[in-house]
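# Summary of structural features
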Amino acid sequence: MAQEDVFKKIVSHCKEYGFVFPSSEIYDGLGAVYDYGQNGVELKNNIKQYWWQSMVLLHENIVGIDSAIFMHPTIWKASGHVDAFNDPLIDNRDSKKRYRADVLIEDQIAKYDEKIAKEVAKAAKKYGDAFNEEEFRTTNARVLEHQQKRDALHERYTQAMNAGPDLQELRQIILDEEIVCPISGTRNWTEVRQFNLMFSTEMGSTADGAMKVYLRPETAQGIFVNYLNVQKTGRMKIPFGIAQIGKAFRNEIVARQFIFRMREFEQMEMQFFVKPGTELEWFKQWKETRLRWHKALGFGDDHYRYHDHEKLAHYANAATDIEFLMPFGFKEVEGIHSRTNFDLSQHEKFSGKNIKYFDPETNESYTPYVIETSIGVDRMFLSIMCGSYCEEKLENGETRVVLKLPAALAPVKLAVLPLVKKDGLPEKAREIIDELKFHFNCQYDEKDSIGKRYRRQDAIGTPYCVTVDHDTLNDNCVTLRNRDTMQQERVPISELDHIIADRVSITSLLKTL
Ligand code: GAP
C-alpha cells in the first residue's frame, strides 16, 4: 500500500476509535487544531508520564515546574521571539492562498530527492541482487543530473536563509524553479514578507490600560525565568535540570499532516543548566539519553535517526533533531539544543536582575550554559500511532487492524469479556475488574461475538483480553489472550494482576532505559 494511503488510514483510525477528533467539528472544524478523545487522552497521558518519570524520577538533579501560559511580554522581547520568530510568507494572487516560501522551496528539493529515489528503485528492480546502488548513484546520467540540480538549489536556498533570510532571493528561487501554486497552477506570486508566529491577546479590562500579552510559543521561557527560584528554593547545584510539560501556541501558516504541525500543541521540555565549557559533553550525553528513551518503545532502531543541524541559530553551539520514520518520511520529533547562556543573559539584560549562579565549590559566579531537550507530545503521539498501526492477514483470510502500541502506553491494558451475557458470567467479569481497576485501566465489554470484541480491543491497542467462560465459575481461571501473538493461555484469576501488571507498567518500561 502506498505510504500516503497508510497515513490516510491512520488519520481515520484515530477518529473512528476515539483517539483524535478535529476541533469544533460540528462547526466544520478549526484549522490545525485538534481534540483528543477518550482513548487519545489516555495514550497522551501515558506518553507524558513516561517522559516525566524518565526525567524527574530517574534523575535526582532534575525537578519539574508548571509555569503560566501568560508571561510578561518583555520575556518575548528578550528571547528574540517578538523580533525574529517569523516565517517568510508568499501569496499566490490567483488562488489567494498563502504559503511559506521556505516550505515551497524545501518541497522542490524533496521533489528532486523523489526523482532520484525512483530511478534507484527502478534500477534495483531491474538488476536484482547484482544491483550496486552506490555505483549507480555515482554514474547514472539521469541521477547525476537530478543530484546536481538538487545540490545547487539546496546551496542557493541555504545561502538565502542564512542571509537574514534574503526575502527577494527566496522569491527569485521560487520564480527560477518555476514553482507553481498547487491550487491555481500559476506562478503569479507576490513579494515574500515576514510573518510573526506568536498569537497575542490583551490583558486588562480597558482598551487604554490593556497590555498586549502573548500565548507562549514554547514552554522553555517559563523555565528560564524561574531558574533562580528553583535553584535557590530547591538548593540545586549545577549541573541540574528543570522539566516542564505544557501547551504552546504558534500561528503556523502551513499547518498540515494532521497533528504533526498544529496551532495549539503541547511540549515536554527540559533545560539542563551546566558549567560553561562543559556544555558539549552534556549535549552528547543528552543526545544519547534521549535516543535511548525513544528506542525503548520497541519500534525498531531503523525508525530513528539524528539530524545534526548545519545551520545553527545564533545563540546555539550545537543542535540535533531526533527524527522518526513516519509514512511521509523521516520527520523531527524532538530537538536537542546547546543554547549557550543566551536566554539567561538576555533575561538578565532585559530584567536588570542578577540571575547568576554562585558556585560554592569554586567560589565564582557565572551564568550557566543550557542544554535543552524539547519534544512535542502530539508529534510523539503521531509517531507512536504510525509505528503501531498494522493490518494483518489472518489464516482465515480476514484482515485485522491492530495497534501494536507499547503496552505501557496503551490506553486500556486489559479487556474483560464474559463469553455470554448470562449464567453469572457478567457478574464474574465485573468482580475481576473491581479487583484489577486499582492497578491499571480495564474495560468491560459484553456486546457482540467474542471475535468482534477481540477486534475492537486490537483496534485500540489493548495488550490483553481475558475471557470469562462457564469453566471460570468452577475453576476460577480465565483465558488470557495476547494482542500481538493472539495466543491464549489459561490462567488463575488470582495471578492476573501479577502476570499483567509487570508487562504493562511504565515502571517496567523505565527499567529498560
Ligand atoms: N524550546 C525549543 C523549541 O520550541 P522547536 O524545535 O521549535 O524548539 C520543539 O520545537 C518541538 O516541539 C519539535 O521538535 C516538535 O516536536 C514540537 N513542535 C514544534 N512546533 C510544533 C507544531 N506547530 N505542532 C506540533 N508540534 C510542534
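Read on for an overview of the structure.

## Re the overall build of the protein chain
Counting secondary structure elements, the protein chain contains 18 helices and 23 strands. The dimensions of the protein chain, computed from C-alpha atoms along their principal axes, are 80 × 65 × 55 Å. Split into buried and exposed, the 513 residues of the protein chain put 48% on the buried side. When contacts within the protein chain are restricted to residue pairs at least 6 apart in sequence, those whose partners lie at least 24 apart make up 65%. A total accessible area of about 25,500 Å² is found for the protein chain, and carbon and sulfur atoms account for 48% of it. Between the centroid of the 68 positive side chains of the protein chain and the centroid of its 78 negative side chains there is a distance of 3 Å.

## Points about the side chain of Glu-323
Summarising the element assignment, Glu-323 is placed in strand β12 (residues 318–326). Given the relative accessible area of 8%, Glu-323 is considered buried. A polar contact is formed between the side chain of Glu-323 and the side chain of Arg-305, at a distance of 2.7 Å. Apart from the residues within four sequence positions on either side, Glu-323 is in contact with His-303, Tyr-304, Arg-305, His-307, Phe-330, Lys-331, Glu-332 and Val-333.

## Details of the pattern of salt bridges
Using the criterion set out here, one finds 43 salt bridges in the structure. For Glu-323, the salt bridge identified is with Arg-305, shortest N-O distance 2.7 Å. Note that Glu-323 is positioned in strand β12 and Arg-305 in strand β11 (residues 304–308), a separation of 18 residues in sequence. Judged by its relative accessible area of 41%, Arg-305 falls in the partly exposed class. A salt bridge links Asp-458 to Arg-400, with the nearest nitrogen and oxygen atoms 3.0 Å apart. With Asp-458 in helix α15 (residues 450–460) and Arg-400 in strand β18 (residues 399–403), this residue pair connects regions lying 58 residues apart in the sequence. Given the relative accessible area of 0%, Asp-458 is considered buried. Take Arg-400: its relative accessible area is 0%, and that puts it in the buried class. Each of Glu-392, Arg-400, Lys-404, Arg-455, Asp-458 and Arg-481 takes part in salt bridges that share partners, so that together they form one network.

## So, the site of the ligand
Near the ligand you find 20 residues, and of these Glu-218, Met-262, Glu-269, Glu-332 and Val-333 are the closest. Within the side chain of Glu-372, one N or O atom sits 2.9 Å away from a nitrogen atom of the ligand. A distance of 3.0 Å separates an oxygen atom of the ligand from a polar backbone atom of Gly-376. Those elements giving two or more residues to the shell around the ligand turn out to be β10 (264–274), β13 (329–338) and β16 (369–376). With five residues, β13 is the single largest residue contributor to the shell around the ligand. Of the residues assigned to the shell around the ligand, the class counts are five nonpolar, five polar and ten charged.

## With respect to the sheet that holds strand β6 (residues 193–196)
A sheet is described by the order of its strands in space; here three strands give the open sequence β5-β4-β6, paired in antiparallel fashion. At either end of the open sheet lies a strand with only one pairing partner, and these are β5 (98–100) and β6. Strand-to-strand, the axes of this sheet are offset by a mean angle of 45°, without reference to chain direction. Each of β4 (86–91) and β5 touches helix α5 (residues 101–127); the most contacted strand, β5, lies at about 65° to it.

## Overview of the environment of Glu-16
Mapped onto the secondary structure, Glu-16 falls in helix α1 (residues 3–16). Spatially, the C-alpha atom of Glu-16 lies 32 Å from that of Ile-69, the residues being 53 residues apart in sequence.

## Regarding the state of the cysteines
Here the structure, examined in full by the defined rule, presents zero disulfides. No disulfide involves Cys-14; its nearest neighbouring cysteine sulfur is the one of Cys-386, lying 8.0 Å away. For Cys-386, a relative accessible area of 12% translates into the label buried.

## Describing the sheet that holds strand β22 (residues 477–482)
Strand pairing in a sheet relies on backbone hydrogen bonds, with the paired strands running either antiparallel or parallel. Taken together, five strands build an open sheet; the order of strands is β20-β19-β21-β22-β23 and the sheet is mixed. The open sheet has two edge strands with one neighbour each: β20 (442–444) and β23 (488–492). Averaged over all pairs of adjacent strands, the angle between strand axes in this sheet comes to 30°, irrespective of strand direction. The sheet contact formed by strand β21 (residues 464–468) and β22 spans four bridges and is antiparallel. In the sheet register, Thr-467 faces β22, and the bridge partner there is Thr-479. Contacts from α15 reach β19 (414–418), β20, β21, β22 and β23 within the one sheet, and its direction differs from that of β19 by about 170°.

## What to know about the pairing of β19
For β19, the buried fraction is high: five of the five residues fall into the buried class. Covered by surrounding structure in β19 are Leu-414, Val-416 and Pro-418 together with Ala-415 and Leu-417, the residues of both alternating faces. When β19 meets β20, the two strands line up parallel, connected through three bridges. Residue Leu-414 lies in a different strand from β20, and its bridge partner there is Cys-442. After leaving β19, the chain enters helix α14 (residues 425–436) and then returns to the sheet as β20, a path that is right-handed. Strand direction decides the pairing type here: β19 and β21, joined by five bridges, are parallel.

## Considering the packing of aromatic side chains
Across all of its chains, the model carries 18 aromatic pairs by this definition. Note on Trp-51 and Trp-52: the rings are 6.4 Å apart at their centroids and 50° apart in plane angle, and the pair reads as tilted. Exposure remark for Trp-52: the relative accessible area of 29% places this residue in the partly exposed category. Three or more aromatic residues joined by ring pairs form one cluster here, namely Phe-224, Tyr-227, Phe-240 and Phe-273. Cation over ring: Arg-379 sits above Phe-260, and NZ or CZ is 3.7 Å from the ring centre.

## Some words on a nonpolar patch on the surface
Taken together, the side chains of Leu-57, Leu-58 and Leu-513 present a nonpolar region at the surface, about 270 Å² in accessible area. Inspection of the secondary structure puts Leu-58 in the loop between α2 (38–57) and β3 (62–64). Relative accessible area serves as the criterion here: at 44%, Leu-58 is assigned to the partly exposed category.

About the thresholds
Residues numbered from 1 in each chain as written. Predicted model: local features only at pLDDT ≥ 70, side-chain atom pairs only at ≥ 80, totals over all residues. Heavy atoms only, no water. Helix = DSSP H or I, 4+ residues; strand = E, 2+ residues; numbered from the N terminus. Buried < 20%, exposed > 50% of the residue type's maximum accessible area, 1.4 Å probe, protein only. Contact = heavy atoms within 4.5 Å. Areas by Shrake-Rupley, 256 points an atom, 1.4 Å probe, with all protein chains shown as cover. Lys, Arg positive; Asp, Glu negative; His and termini not counted. Charge placed at Lys NZ, Arg CZ, Asp CG, Glu CD. Polar contact = N/O pair within 3.5 Å; in protein donor to acceptor, adjacent residues only side chain to side chain. Salt bridge = Lys/Arg side-chain N within 4 Å of Asp/Glu carboxyl O. Near = heavy atom within 4 Å. Nonpolar A, V, L, I, M, F, W, Y, C, P; charged D, E, K, R; others polar. Pairing = 2+ DSSP bridges. Axes fitted to C-alpha atoms, helices over the stretch in contact; angles between N-to-C directions. Disulfide = S-S within 2.5 Å. Right-handed = clockwise from strand over helix to strand, strands pointing away. Phe/Tyr/Trp six-rings, centres within 6.5 Å; stacked < 30°, edge-to-face > 60°. Lys NZ or Arg CZ within 6 Å of the ring centre and 35° of its normal. Patch = residues over 30% accessible without salt bridge, like charges linked within 9 Å, V, L, I, M, F, W, Y side chains within 5 Å.

So yeah, pure geometry; function would need other evidence.
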